[in-house]
Every structure is written in structure tokens, then in C-alpha cells.
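The lines below spell out each chain.
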Amino acid sequence: MNMPDIVKRYAEITGRSISESDEICKDMLNLIMQSLLDGENINIYGFLQIWPEVKRGRTLTGVDGLKYTTPDKRVLKFKCGKAFERKLNGERAHPEDAI
């Protein structure tokens, strides 16, 4: 499913126009993206956690015997929420799974 599909489905579910739904979806994604760029964690209860981390560079020795250092890199880590993971695996819902 890509962004136009999400916008269309959201418009169908909410009864909003495509342009209004597109704006809402883009605003939500921009908010999430800016929060992650600012170093904040995103936790959508029962569904998903996303947090930024710095992957430290490593020093490697090449086949020529020279040492090379890879730079530090910002990466995103993801973790599926327990409620969503249970649904994904076809397990019974738990009382705490109410979202």
C-alpha cells in the first residue's frame, strides 16, 4: 500500500475529500518525521514504537592492510506493539490490547 492508497482509503472511511485526506496524512507523517529528526521517540500504543539511534562507526582493516573508519550514522529502530504482534500472528486478543 502506498501513500495514494492510504489517502484514498482514509477518505473513504472518514467521508472526507481526497485533498483534505491527503493534507491530513501528510501533516501526520511530517509531524512524525520532524519528531524523529528532533530525537524524540514515537510510541503509538499497541501498534508501533520508533526511535532514533546513532550507529557508531567501526574501524576496519582492508585487504591492503590500511585501517578505515566508517562514520557514525543515525538510524531508526522499530518495534511492533504487542497487541499488533498478537493480531499479526493470529493469537487471541488480551484485555490490555484495547486500543
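Placed above this text is the structure.
Residues numbered from 1 in each chain as written. Predicted model: local features only at pLDDT ≥ 70, side-chain atom pairs only at ≥ 80, totals over all residues. Heavy atoms only, no water.

Engineer: Talk me through the overall build of the protein; I want residue IDs and the actual numbers.
Structural biologist: Along the protein, the regular secondary structure elements total 3 helices and 5 strands. Listing every helix and strand of the protein by position from the N terminus yields α-α-β-β-β-β-β-α. Relative to a compact globule of 99 residues, whose C-alpha radius of gyration would be 13 Å, the protein shows 20 Å and is clearly more extended. Its C-alpha atoms put the protein at 65 × 40 × 25 Å along the principal axes. A total of 99 residues make up the protein; the buried ones form 15% of that total. (Helix = DSSP H or I, 4+ residues; strand = E, 2+ residues; numbered from the N terminus. Rg over C-alpha atoms; globule rule 2.2 N^0.38 Å. Buried < 20%, exposed > 50% of the residue type's maximum accessible area, 1.4 Å probe, protein only.)

Engineer: How would you summarise the layout of surface pockets if you had to cite specific residues and measurements?
Structural biologist: In this structure, the largest pocket occupies an estimated 380 Å³ of space. If you trace the largest pocket, you find it lined by Met3, Ile6, Tyr10, Ile24, Cys25, Met28, Leu29, Ile32, Ile44, Phe47, Leu48 and Ile50. Elements represented by at least two residues in the lining of the largest pocket include exactly α1 (3-14), α2 (18-37) and β2 (48-55). For the lining of the largest pocket, the leading source of residues is α2, giving 5 residues. (1 Å grid on protein atoms, 1.4 Å probe; cavity = no way out; pocket = protein on both sides within 12 Å on 5 of 7 lines; lining within 4 Å. Points joined across faces, edges and corners; volume = space filled by probe spheres on them.)

Engineer: Account for the packing of α1 against α2, with residues named and values stated.
Structural biologist: Between α1 and α2, the shortest axis-to-axis distance is 9 Å and the interhelical angle comes to 120°. Taken together, the axes of α1 and α2 are oblique relative to one another. Both α1 and α2 take part in a crossing whose hand is right-handed. For the pair α1 and α2, contact is made by Met3, Ile6, Val7, Lys8, Tyr10, Ala11 and Thr14 and by Ile18, Ser21, Asp22, Ile24, Cys25, Lys26 and Leu29, respectively. Here the contact of α1 with α2 is composed, by residue class, of 9 nonpolar, 2 polar and 3 charged. (Axes fitted to C-alpha atoms, helices over the stretch in contact; angles between N-to-C directions. Parallel < 35°, antiparallel > 145°, perpendicular 65-115°, else oblique. Left-handed = near helix turned anticlockwise from the far one by under 90°. Contact = heavy atoms within 4.5 Å. Nonpolar A, V, L, I, M, F, W, Y, C, P; charged D, E, K, R; others polar.)

Engineer: How would you explain the sheet that holds β2 if you had to name every residue and give the values?
Structural biologist: Taken in spatial order, the 3 strands of this open sheet run β1-β2-β5, and their pairing is antiparallel. The strands lining the two open edges of the sheet, one partner per strand, are β1 (42-44) and β5 (73-80). With strand direction ignored, the average angle separating the axes of adjacent strands in the sheet is 20°. The pairing of β2 with β5 spans 8 bridges and is classified as antiparallel. Its bridge partner being in β5, Gln49 is matched across the sheet by Lys79. (Pairing = 2+ DSSP bridges.)

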